[in-house]
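Coordinates in review
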Amino acid sequence: MSRTRGTREGRSRLRFDGWIAGVGTSSGTRVVLGHWQRSPFGPFSDVMIERADGERLLLAPSHRTADFVGGTYSFDSVRVVPVDVSVADDTWTVTAGPLELRFTVGRRRPAGVLLRAVPGALAARPAWAALTNGPARLLPTHVRTRGRTGVRRREWYGVRDMLPIGVVSAVFEGLDLGVTAPVAPPVRFGFGSVPRRPALTRVTTTVEPAWGRRRSRTARRAGR
């Protein structure tokens, strides 16, 4: 299911099931891919880019997804472009407007093995994300699993698997971004970042739209 209902407040919650890939490059540009196999908008992928000078850019496949993602996180500019993702064995290939990205994933490490042992139904619950938020922040990845966005939406990340990313090649607007590097400094799109070590993470993300007089236009459209 892609839509759930909050038990205490009766608010509609939006659920996104898929993968998040976070990579750094030696040029200083960091890239975060969201590959959502199930969502309130159907399957789609989007790309968040933070350049070495701090500029934050969203590449989204439709005005609807751009409106929602752009209204949930913080960007300096948003572009609506075709976003195509293909997976062949351990290689992911992403084409998103001015970005061409390819990366390989390696064998699962102990953290990934532990995450896979958590039942999917449990990992998808916001209560589980809230419970694991403290321990997650103590890990070397420094990942937060819950928080509030700039438009007063609440968000939970239920992590279900993690694979290391190895070789990365990326070209943005015709310029080679260099070789694989840590995601450093952390990206600044929302309340949390992706792991410092490039990784592909399976996640169930739950978003509770803002309510009340200050509710955003995006929340009114998508939250209903």
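Everything that follows concerns the structure shown earlier in this document.
Just so you know, these numbers come straight off a predicted model, no measurement behind them. (Residues numbered from 1 in each chain as written. Predicted model: local features only at pLDDT ≥ 70, side-chain atom pairs only at ≥ 80, totals over all residues. Heavy atoms only, no water.)

Observations regarding the pairing of strand 9 (residues 99-105)
Alternating residues of strand 9 divide into Leu 99, Leu 101, Phe 103 and Val 105, all buried, and Glu 100, Arg 102 and Thr 104, none buried. Two strands pair when backbone bridges link them, and strand 8 (residues 91-96) and strand 9 are joined in this way by six bridges, in the antiparallel orientation. Pairing of Thr 95 across the sheet is with Glu 100, part of strand 9. Here strand 8 hands over to strand 9 after two residues, with Gly 97 in that stretch at a positive phi of 55°. (Buried < 20%, exposed > 50% of the residue type's maximum accessible area, 1.4 Å probe, protein only. Helix = DSSP H or I, 4+ residues; strand = E, 2+ residues; numbered from the N terminus. Pairing = 2+ DSSP bridges.)

Side note on empty space enclosed by the protein
In this approach a probe as big as a water molecule rolls over the atoms, and the regions it shows empty are the leftover space. Counted under the stated rule, the structure contains one cavity of 30 Å³ or more. Here the largest cavity is characterised by a volume of approximately 500 Å³. What lines the largest cavity is a set of 32 residues, and nearest its centre among them are Ile 20, Val 32, Tyr 73, Tyr 157 and Val 194. Elements supplying a minimum of two residues to the lining of the largest cavity: strand 2 (12-25), strand 3 (30-38), strand 4 (44-50), helix 1 (63-72), strand 11 (154-172) and strand 14 (199-208). Of the residues forming the lining of the largest cavity, the biggest block, five residues, is contributed by strand 14. Here the lining of the largest cavity is built from residues that sort into 21 nonpolar, eight polar and three charged. (1 Å grid on protein atoms, 1.4 Å probe; cavity = no way out; pocket = protein on both sides within 12 Å on 5 of 7 lines; lining within 4 Å. Points joined across faces, edges and corners; volume = space filled by probe spheres on them. Nonpolar A, V, L, I, M, F, W, Y, C, P; charged D, E, K, R; others polar.)

Brief notes about the nonpolar core
Core analysis: the largest hydrophobic core is formed by 25 residues, its most contacted members being Val 47, Leu 101 and Phe 103. Every element with two or more residues in this core is listed here: strand 2, strand 3, strand 4, strand 5 (56-60), strand 8, strand 9 and strand 11. Considering every element that reaches this core, the biggest residue donor is strand 11, with five residues. Setting aside residues no more than four positions away along its own chain, Phe 103 makes contact with Ala 21, Leu 33, Asp 90, Thr 91, Trp 92, Ile 165, Val 167 and Val 168. Counting 23 residues, the second-largest nonpolar core is a separate cluster that includes Phe 68, Phe 189, Phe 191 and Val 194. (Core = buried A, V, L, I, M, F, W, Y, C linked by side-chain atoms within 4.5 Å. Contact = heavy atoms within 4.5 Å.)

With respect to the packing of aromatic side chains
Inspection of the entire model under this criterion finds nine aromatic pairs. When the ring of Phe 16 is compared with that of Trp 36, the centres are 6.0 Å apart and the planes differ by 70°; the resulting orientation is edge-to-face. One end of the pair, Phe 16, is in strand 2; the other, Trp 36, is in strand 3, and 20 residues separate them in sequence. In this pair, the class of Phe 16 matches that of Trp 36, namely buried. Summarising the aromatic geometry, the rings of Phe 16 and Phe 68 are spaced 5.6 Å apart at their centres and angled 25° between planes, so their arrangement reads as stacked. Of this pair, Phe 16 sits in strand 2 while Phe 68 sits in helix 1, and the two are 52 residues apart along the sequence. For the pair Phe 16 and Phe 68, a shared accessibility class is recorded, and that class is buried. A network of ring pairs unites the aromatic residues Phe 16, Trp 36, Phe 41, Phe 44 and Phe 68 as a single cluster. (Phe/Tyr/Trp six-rings, centres within 6.5 Å; stacked < 30°, edge-to-face > 60°.)

Fair warning: the whole summary comes from geometry, so function is off the table for now.
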